[in-house]
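# Structural overview
Spelled out from the first residue to the last, the chains are:
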Amino acid sequence: MTILLSLIFVGITLAMVVMLRERSMRQTRVVPPGLQSDISLPFEAEWTLYHNPFSLCSKKIRVCLAEYGVVFDSIAIDLIETGSYQNISREFLKVNPGATVPVLLHNGHPIYESHEQLKYVAATVDVTGLLVPDSTEQRQVMDAWVHKTSLIGDDPIESPEATAGNAVPGLTIPIFASMVAKIPVLNIFEGLLFHRIKQRAFFFLMMRLVGLPKTLTLKPVIHIVNRASEAMTAHLDDLEQQLVSSQGPWICGQQFSLADVGMMVVFDRLREGDWLTLLVKDRPVLNAYWSALQQRQSYREGCLEHEHPAVVQATKELVGLKQLQRWPSEIPQ
Ligand SMILES: N[C@@H](CCC(=O)N[C@@H](CS)C(=O)NCC(=O)O)C(=O)O
């Protein structure tokens, strides 16, 4: 008995030591936005993109690079929703101690924050003003909408009113819940040990344990999704007004700009989450805008060509729940 207890004690102590050592090697922290010229990482091509097929911000930078025809080395990084916490691996934390994608490298120097990446790429390659209007006034409009489509802060779910980008994660919960249903619990558990934002890791574990239909009936989830939907409606009202005043077809009028790149991926997420019927259907101006966005080659290259099978499956599942009338009545459809 004493030997058994001693063995258990030694086992637990060893596990704790290993875990603490691993944690010390996986330190995460908030990183400053923009180009980090003091950091040099291994690179082969002028541009390297660390990205995830499903991530909103990754789509945005892929679309931007496609618009400019910039060729880049592509390094796919898994997030828990697409299979594993590769973003908190030792290797990736050397690239971004903030543990998020996308990270764009220019000649080995990382640029953090996707809205900064958009501006950096434009400042570096856009000599003719392809995606950046000439007039100061129009540039201000563009900048305001690049901000409005950005995902800002550590906990965007708490501030969906701040930007259309921040209204996205709340509306993505049903997709997340569907995606994580197929992920091994142990993979999700890793986040509780090493992810910087424990609340996020816990939320994913909860969704995995209760499954999609039950997740959608939980009061806090209903509140988050409805709040995000109301906030997105207000952002889309603003967009509609802007498109009317610019006379379209784009946010800055005749010129497709970085602002439309940001908006394209927000609309694409609404498509993936089957929110277009609720939020866009009866709005001709927004419908015309979304149709025009889908015509662009960059939409195919940056979004459609990277579609993750688990997301395609999630969209089908959400549509199915609504058709079978298994969608909770507390959440509008
Ligand atoms: N503000 C950042 C947000 C980056 C971000 O949150 N990326 C998400 C995917 S869209 C991510 O990497 N999440 C992984 C995680 O938090 O575990 C940006 O615009 O680049």
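Residues numbered from 1 in each chain as written. Predicted model: local features only at pLDDT ≥ 70, side-chain atom pairs only at ≥ 80, totals over all residues. Heavy atoms only, no water.

## Concerning empty space enclosed by the protein
Under the definition given, this model contains one cavity of 30 Å³ or more. In terms of lining residues, the largest cavity is bounded by Pro53, Phe54, Lys59, Glu272, Cys303, His306, Glu307, His308 and Val311. Of the residues assigned to the lining of the largest cavity, the class counts are four nonpolar, two polar and three charged. (1 Å grid on protein atoms, 1.4 Å probe; cavity = no way out; pocket = protein on both sides within 12 Å on 5 of 7 lines; lining within 4 Å. Points joined across faces, edges and corners; volume = space filled by probe spheres on them. Nonpolar A, V, L, I, M, F, W, Y, C, P; charged D, E, K, R; others polar.)

## What to know about the sheet that holds strand 1 (residues 34-35)
Here we have five strands laid out as an open sheet, ordered 1-5-4-2-3, and mixed in their pairing. In the strand order of this sheet, the two ends are held by strand 1 and strand 3 (73-76), each with one partner. As paired elements, strand 2 (residues 47-51) and strand 4 (residues 103-106) share four bridges and run antiparallel to each other. For leucine 49, the partnering residue across the bridge sits in strand 4 and is leucine 104. Relative to the sheet, helix 2 (residues 56-68) contacts strand 2 and strand 4, its axis offset from that of strand 2 by approximately 150°. Strands in contact with helix 4 (residues 114-125) are strand 1, strand 2, strand 4 and strand 5 (109-112); relative to strand 5, the strand with the most contacts, it is inclined by about 125°. (Pairing = 2+ DSSP bridges. Helix = DSSP H or I, 4+ residues; strand = E, 2+ residues; numbered from the N terminus. Contact = heavy atoms within 4.5 Å. Axes fitted to C-alpha atoms, helices over the stretch in contact; angles between N-to-C directions.)

## Thoughts on the pattern of salt bridges
Summed over the entire model, instances satisfying the criterion amount to 17 salt bridges. A salt bridge links arginine 283 to aspartate 237; the shortest N-O distance between them is 2.2 Å. Taken as a pair, arginine 283 in the loop between helix 12 (276-279) and helix 13 (284-295) and aspartate 237 in helix 10 (residues 219-246) lie far apart in primary sequence, 46 residues in all. For arginine 283, a relative accessible area of 15% corresponds to the buried category. By relative accessible area, aspartate 237 is classed as partly exposed at 36%. The residue glutamate 272 makes a salt bridge to arginine 269 at a minimum N-O spacing of 2.8 Å. Of the two residues, glutamate 272 and arginine 269 are both situated in helix 11 (residues 258-272); the distance of three residues between them amounts to about one turn of the helix. (Salt bridge = Lys/Arg side-chain N within 4 Å of Asp/Glu carboxyl O. Buried < 20%, exposed > 50% of the residue type's maximum accessible area, 1.4 Å probe, protein only.)

## Description of the pairing of strand 3
Sheet analysis places strand 2 next to strand 3, joined by four bridges and oriented parallel. Paired with tyrosine 50 across the bridge in strand 3 is isoleucine 75. Handedness of the β-α-β unit built from strand 2, helix 2 and strand 3 comes out right-handed. (Right-handed = clockwise from strand over helix to strand, strands pointing away.)

## Here's the deal with helix 7 (residues 185-194)
Buried within helix 7 we find Ile188, Gly191 and Phe194. Each buried residue of helix 7 lies within a common arc of 130° when the element is viewed along its axis, so the set occupies one face. If you follow the buried residues of helix 7, they end up packed against helix 1 (2-25), helix 6 (164-180) and helix 8 (198-210). (Arc of directions from axis to C-beta.)

## Some words on the packing of aromatic side chains
Summed over all chains, the structure comprises ten aromatic pairs. Aromatic side chains tryptophan 275 and tryptophan 327 sit 6.1 Å apart centroid to centroid with 75° between the ring planes, which places their arrangement in the edge-to-face category. With tryptophan 275 in the loop between helix 11 and helix 12 and tryptophan 327 in the segment after helix 15 (309-323), this pair connects stretches of sequence that are 52 residues apart. Taking relative accessible area as the criterion, tryptophan 275 reaches 1% and is therefore assigned buried. Tryptophan 327 gets classed as buried once you look at its relative accessible area, which sits at 6%. The structure contains a cluster of three or more aromatic residues connected by ring pairs, namely Trp250, Phe256, Phe267, Tyr289, Trp290 and Tyr299. Across from the ring centre of phenylalanine 176, 6.0 Å away, lies the NZ or CZ of arginine 200, which sits over that ring. (Phe/Tyr/Trp six-rings, centres within 6.5 Å; stacked < 30°, edge-to-face > 60°. Lys NZ or Arg CZ within 6 Å of the ring centre and 35° of its normal.)

## Considering the domain arrangement of the protein chain
In terms of domains, the protein chain is made up of domain 1 (34-125) and domain 2 (136-323). Of note, the centres of domain 1 and domain 2, computed from C-alpha atoms alone, are 20 Å apart. Contacts between domain 1 and domain 2 engage 28 residues on the former and 41 residues on the latter. Between domain 1 and domain 2 lies a buried interface of about 2,900 Å² when both sides are counted; carbon and sulfur atoms form 68% of it. Contact with domain 2 buries area across many residues of domain 1, yet Phe54, Leu56 and Tyr85 alone supply 24% of it, more than any other trio. Lysine 59 is the salt-bridge partner of glutamate 272, the closest N and O atoms lying 2.7 Å from each other. (Domains from an automatic or database assignment. Buried area = accessible area lost by both parts, 1.4 Å probe.)

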